[in-house]
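# Close look at the chain arrangement
Spelled out from the first residue to the last, the chains are:
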Amino acid sequence: MPTIEEIRAQEVWNNCAVRAVTSGVMGGGLGLMMGLFLGALDNPITHDTMTARQQFVFTAKQMGQRSWNSCKTFAVMGLVFSAAECIVEKARAKHDTVNTAIAGCVTGGSMSARGGPKAACIGCAGFAIFSVLIEKFFDRHT
């Protein structure tokens, strides 16, 4: 039998806004780490003409820019996906892979919408397929 604290914690976690913000923050943290790692791997072409200090400053700036961009992208991706999945799950009153596909479509379509309708459709399909494959790989739903 769950305690009152466990029930309250579950009720808080069932709130779509809490889920979305938590996923956004965690996605931002992941993006920040990935940006730091990938930014450190960038090699500027002008390394031969730069001093060690200039190389360090350039690399640090590149890492910072890449980290911030990745942080924003992954934060938005996590927030949109989690919010869409939670809203669809509550609307359908089911917890299955269809929710994941719809959330993936919403996320991919909204993140690629700046490229026009064709890009939004491709983003929708691609992210939905990717989301379902990841869902099947981790086998979250039975």
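All of these numbers come straight from a predicted model, not from anything done at the bench.

### Re the state of the cysteines
- With the rule as written, the count across this model stands at two disulfides.
- A disulfide bridge connects C16 with C86, and the sulfur atoms are separated by 2.1 Å. Around the S-S axis, the bridge from C16 to C86 shows a dihedral of about -80 degrees and counts as left-handed. You can see C16 sitting in helix α2 (residues 16-41) and its partner C86 sitting in helix α3 (residues 52-92), a full 70 residues away along the chain.
- The disulfide that involves C105 links it to C124, with 1.7 Å between the sulfurs. Here the S-S torsion is close to -85 degrees, and the disulfide linking C105 with C124 is therefore left-handed. On the criterion of sequence distance, the pair formed by C105 in helix α4 (residues 97-111) and C124 in helix α5 (residues 117-138) is long-range, its members being 19 residues apart.
- C124 gets classed as buried once you look at its relative accessible area, which sits at 18%.

### Structural notes on a nonpolar patch on the surface
- A cluster of nonpolar residues, L30, M34, F37, L38 and L41, forms a patch on the protein surface that exposes about 460 Å² of accessible area.
- Structurally, the position occupied by L30 is in helix α2.
- Residue classification places L30 among the partly exposed residues on the basis of a relative accessible area of 45%.

### Considerations on unusual backbone geometry
- Positive phi outside glycine occurs at A93, with the angle close to 60 degrees.
- Residue classification places A93 among the exposed residues on the basis of a relative accessible area of 68%.

### Concerning the pattern of salt bridges
- Counted according to the given criterion, the structure contains one salt bridge.
- Residue D96 pairs with R92 through a salt bridge whose shortest N-O separation is 2.7 Å.

### Observations regarding the packing of α3 against α4
- In contact at an axis separation of 8 Å, α3 and α4 are set at 140 degrees when each is read in the N-to-C sense. In terms of orientation, α3 lies oblique with respect to α4. For the crossing formed where α3 meets α4, the hand is right-handed. Contacts from T73, M77, V80, F81, A84, E85, V88, E89 and R92 of α3 reach α4 at V98, N99, T100, I102, A103, G104, V106, T107, S110 and M111.
- Residues of the contact of α3 with α4, tallied by class, amount to ten nonpolar, six polar and three charged.

### Some thoughts on the packing of aromatic side chains
- In this structure the tally under the stated criterion is three aromatic pairs.
- Consider the rings of F127 and F130, whose centres lie 6.2 Å apart with planes at 65 degrees: the pair is edge-to-face. Placement of the pair is F127 and F130 together in helix α5, with a separation of three residues, close to one helical turn.
- The class of F130 is partly exposed, set by a relative accessible area of 49%.
- Geometrically, the ring pair formed by F137 and F138 is edge-to-face, given 5.1 Å between the ring centres and 75 degrees between the ring planes. Take F137 and F138: they sit in the same class, and that class is exposed.
- Through a chain of ring-to-ring contacts, three or more aromatic side chains come together here, namely F81, F127 and F130.

### Concerning the UniProt feature "transmembrane region" in the chain
- The UniProt record marks residues 21-41, 70-88, 97-113 and 120-137 with the feature "transmembrane region", using the residue numbering of this structure.
- Secondary structure across residues 21-41 divides into 100% helix and 0% strand, with the first and last C-alpha atoms of the span separated by 30 Å.
- Strand forms 0% of residues 70-88 and helix 100%; the C-alpha atoms that close the span are 27 Å apart.

Rules used in this analysis
What you see as residue numbers is a count from 1 along each chain, following the sequence as written. Only residues with pLDDT of at least 70 are given local features in this predicted model, and only at 80 or more are side-chain atom pairs given and counted; all residues enter the totals for whole chains, interfaces and linings. Just so you know, side-chain values use all the structure's heavy atoms and leave hydrogens and water out. What counts as a disulfide here is a pair of cysteine sulfur atoms lying within 2.5 Å. Secondary structure elements are defined from DSSP: runs of H or I of at least 4 residues count as helices, runs of E of at least 2 residues count as strands, and each element is numbered from the N terminus. Think of it in three bands: with a 1.4 Å probe and only protein chains considered, a residue is buried below 20% of the maximum accessible area for its type, exposed above 50%, and partly exposed in between. The patches described consist of residues with a relative accessible area above 30% and no salt bridge, like charges being joined within 9 Å and nonpolar side chains (Val, Leu, Ile, Met, Phe, Trp, Tyr) within 5 Å. Here the open area of atoms and residues is found with the Shrake-Rupley method and a 1.4 Å probe, where only the protein chains shown may cover a residue. For this analysis, a salt bridge means a side-chain nitrogen from Lys or Arg found within 4 Å of a carboxyl oxygen belonging to Asp or Glu. Axis angles are defined between N-to-C directions and span 0 to 180 degrees, where every axis is a line fitted to C-alpha atoms and, for a helix, only to the segment in contact. Put simply, angles under 35 degrees are roughly parallel, angles over 145 are roughly antiparallel, angles from 65 to 115 are roughly perpendicular, and the rest are oblique. In this scheme the crossing of two helices becomes right-handed for a clockwise turn of the near helix relative to the far one and left-handed for an anticlockwise turn of less than a right angle. Throughout, a residue-residue contact means that at least one pair of heavy atoms, one from each residue, lies within 4.5 Å. Any residue outside Ala, Val, Leu, Ile, Met, Phe, Trp, Tyr, Cys, Pro, Asp, Glu, Lys and Arg is labelled polar, Gly included; the first ten of those are nonpolar and the last four are charged. Only rings of Phe, Tyr and Trp enter the pairing, Trp through its six-membered ring, and a pair is recorded when the two centres are within 6.5 Å. The plane angle decides the type: under 30 degrees is stacked, over 60 is edge-to-face, the rest tilted. UniProt positions are given in the numbering used here, feature names are shortened, and annotations may be inferred rather than shown by experiment.

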